[in-house]
Amino acid sequence: IRDSLKAGAADFIQKPFNVEEIVLKVDIAISSDRRDREILCRQQILNDYKDAVDRSSIVSKTDTKGIITFVNDNFCDISGYEREERDGKNHNMVRHTDMPSTILEEMWKTIKDKKPCFGKVKNKTKDDGYYWVNTVINPIVDYDGNIVEYIGIRTDITELENIKAELETNLNISNENFSEAYKISQEYQ
């Protein structure tokens, strides 16, 4: 019995056979198999969701100290950094100097309180350019409620921000009526 359990057997039946015991153990094995299949199905669904998000968004994950543990291809494309250059580095590496540190401190305070953080962020590229993103940073907590990591999901809004800045500068359009001006410019284009 000991050798069987060490070899990975989940259960065993001893002689002389007891019909009730056999039926019960077969029922338990069937239930266990169904649970395992359900877990695999749910895992496949989660992988499909992850793939959809990876294809459509800029994604990065950090540990609780802000050290990057994962970036997707879209992150590499927009920032100009290769995956190997980013992994293990602090996420502040892409912080643009135009972003006030108070905003980033407020973001950290929010996510450390286990709340999602939303905002518009200007980041710098490897070649000292920039890009704007709409950002959602979400703390990931374990079963006990402890934060284990953070995930950031972003959408590139660089073109929109550049058009907005150009309209504000050249046409003296304020923030309040920017949306209307942008809609008109899109219709014209």
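The following paragraphs examine the structure supplied in this document. (Residues numbered from 1 in each chain as written. Predicted model: local features only at pLDDT ≥ 70, side-chain atom pairs only at ≥ 80, totals over all residues. Heavy atoms only, no water.)

## Some thoughts on helix α6 (residues 158–170)
The condition is simple: Think of it this way: any DSSP run of H or I at least four residues long counts as a helix, any run of E at least two long counts as a strand, and we number them from the N terminus. A helix is expected to span 1.5 Å for every residue after the first. Only protein chains enter the accessibility calculation, which uses a 1.4 Å probe. A residue is then buried if its area is under 20% of the maximum for its type, exposed if over 50%, and partly exposed in between.
The terminal C-alpha atoms of α6 lie 18 Å apart, and with 13 residues this matches the ideal 18 Å at 1.5 Å per residue to within 8%. Residues of α6 that are buried include every one of T158, E161, K164 and L167, and no others.

## Examining unusual backbone geometry
With a phi close to 65°, K114 is a non-glycine residue in the positive phi region. Considering the arrangement of structural elements, one finds K114 in the loop between α5 (101–112) and β3 (117–124). With phi around 65°, D128 is a residue other than glycine that occupies positive phi space. Here D128 lies in the loop between β3 and β4 (130–141). Judged by its relative accessible area of 63%, D128 is exposed.

## A word on the pairing of strand β5 (residues 147–156)
We count it as follows: Note: two strands are recorded as paired if DSSP finds a minimum of 2 bridges between them.
Sheet analysis places strand β1 (residues 58–62) next to β5, joined by five bridges and oriented antiparallel. Pairing of K61 across the sheet is with I151, part of β5. Note that β4 and β5 share nine bridges and pair antiparallel. What sits directly across from N138, in β5, is I151. Counting the residues between successive antiparallel strands, the hairpin from β4 to β5 contains five residues, one of them, G145, with a positive phi of roughly 90°.

Any functional reading would require information that these geometric values do not contain.
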